[in-house]
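Structural description and commentary
Here is how the chains run, residue by residue.
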Amino acid sequence: MVSKYSANITTAAAAIASFLAGMDVLIVNVALPTIAKDLGGNMAVQQWVVDGYALLFAALLLLAGSLADQFGAKRIFLIGAASFGAASLFCTFAWSMAALVVGRCILGVASALLLPASMSLINEASPNPRYRAWALALWGAGGASASAVGPLLGGLLTPIHWSLVFAINVPFCLMILAVAPRIAPSPQRATKFDWIGQALALIGLSTLVAGIIEVGDAGLFAPSTLILLAVGVITIVVFGFSQTKVASPMMPLGLFRVRGMQVALQIGFIMIFNWYGMAFICTMYLQQELHMDPFAAGLVFVPASFVTILGNLTGGRIVTARGSKFSITLGLGIMIAGFLFEFFSPKPVAVWVVATGMSIVGFGAAITTPAAAGVVLKSVDDVQAGIASAMFNTFRQVGGAIGVAVFGVAATFLPSLDLALRVVFLASALLLVYVLGFELLRWKDTAITATTLDSVA
């Protein structure tokens, strides 16, 4: 039996891990223009600083969850924390953009180890359903607060030196390692894992994203671009075929036939595709076209972050009262309105328009996400709940990596970042209109009641 003190320590450590994984995307966005001035690098290289992290994080989530089951969540969690701290130090002293991208890739691996293991630790330390619900809420608040603190810290630290946006991670990692003796040992379970599928997924996603980025750097018909895109597409097709042949597939294709999963996976992918892409281009626009300093640019993101936290609190109540379909429809509608508000604003896009539009979009996303996550759990049986949740989170992170790549390429071909930003707004709105139409026309509500939410917690 885990003591209450040990459970509290475990929850705090898990919340710090959630905070770190979320913060390390947005804190870097604000620093990118300054890093590029110091170390060099065009738009493509800057995209890899973001996508090196997001891509490895996304591609290894399923593997990391399996490792946490097989070797114990605590062991994998602490390896992840130590790796995150070491990779942060490597990035702090990076001597070139190539070295920085390598460090960011290692950070992505460490995040993948941290996040699933942190959720497992909370479940192991919190047998009481009410305490577990509180612990998971604190864990979620860690990730949500990162979206507010990340840009602000990035804006504060970058003027001193850009390396501090990576060095700031180290004290948090040391805090986790310091309380390690207080975290109860985790059970180990014999698990099977699809190693071939994992290798194919990693190669396919990496080469596909590299090919998209290469479009902006070398051109659509450059040999390097065509080779990367071809390898990516072919490998992903082979991955899909392999999932029909193995006994324990990492991504069971049968789940794609479930209407609730179809809706949730599309929502997860497109929402983060839009959000990461928008945050990347907005950062470039604010600093390169409006010539704002990093601190001022970071402040623009803060209102949206706090509104998102408010939306998270509101979203759970709406799901409980009105069901998942109502919540998803409302949230997607609000997001579409936010993107269209930004798209139709007068030229050039004003700072207050960016901040307000992002706040509207963030509020809608915060209402939509818990409903979509609830649909994932309600659409499958208990045996498949873990793999379905991992698929949902993987689709979200893959969407973010591809969003940065696609919108970054669009920015290289357009004459101004103002126009690029408007393209992002319009494309994001249209993608969400598609998802909304799919949800309304092809999916019946899987109601998420208060009882269901309690059982999930």
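Summarised in this report is the structure supplied together with it. (Residues numbered from 1 in each chain as written. Predicted model: local features only at pLDDT ≥ 70, side-chain atom pairs only at ≥ 80, totals over all residues. Heavy atoms only, no water.)

**Considerations on the environment of Phe273**
Along the polypeptide, Phe273 turns up in helix H11 (residues 259–289). Considered as a pair, Phe273 and Pro187 are 86 residues apart in the sequence and their alpha carbons are 36 Å apart. Among residues more than four places away in sequence, those in contact with Phe273 are Gly399, Gly400, Ile402, Gly403, Val406, Phe407 and Leu431. (Helix = DSSP H or I, 4+ residues; strand = E, 2+ residues; numbered from the N terminus. Contact = heavy atoms within 4.5 Å.)

**Observations regarding the side chain of Gln47**
Tracing the chain through its elements places Gln47 in helix H2 (residues 43–59). A polar atom in the side chain of Gln47 sits 3.1 Å from the backbone oxygen of Val404. Contacts of Gln47, omitting those with residues within four sequence positions, involve Ile213, Phe280, Val404, Ala405, Gly408 and Val409. (Polar contact = N/O pair within 3.5 Å; in protein donor to acceptor, adjacent residues only side chain to side chain.)

**Describing the packing of aromatic side chains**
Summed over all chains, the structure comprises ten aromatic pairs. Ring geometry for Phe343 versus Phe344: centroids 4.9 Å apart, planes at 75°, classification edge-to-face. Looking at Phe344, the relative accessible area reads 62%, which means it is exposed. An aromatic cluster of three or more residues is present, and its members are Phe269, Phe273 and Phe407. Over the ring of Phe326 we find Arg322; its NZ or CZ atom is 4.0 Å from the centre of that ring. (Phe/Tyr/Trp six-rings, centres within 6.5 Å; stacked < 30°, edge-to-face > 60°. Buried < 20%, exposed > 50% of the residue type's maximum accessible area, 1.4 Å probe, protein only. Lys NZ or Arg CZ within 6 Å of the ring centre and 35° of its normal.)

**Section: the side chain of Arg104**
Checked against the element boundaries, Arg104 lands in helix H5 (residues 97–125). Using a relative accessible area of 0% as the deciding quantity, one classes Arg104 as buried. Polar side-chain contacts of Arg104 include one of 2.9 Å to the side chain of Asp24. Looking at Arg104, its side chain comes within polar contact range of the main-chain oxygen of Val49, at 2.7 Å. Non-local contacts of Arg104, meaning those with residues more than four positions away in its chain, are made with Asp24, Val25, Val28, Val49, Val50, Gly52, Tyr53, Cys91 and Phe166.

**What to know about the pattern of salt bridges**
Inspection of every chain in the model, using the stated rule, returns two salt bridges. Between Arg104 and Asp24 there is a salt bridge whose closest N-O contact spans 2.9 Å. Of this pair, Arg104 sits in helix H5 while Asp24 sits in helix H1 (residues 4–39); the two residues are 80 residues apart in sequence, bridging distant segments of the chain. One exposure class covers both Arg104 and Asp24, and it is buried. (Salt bridge = Lys/Arg side-chain N within 4 Å of Asp/Glu carboxyl O.)

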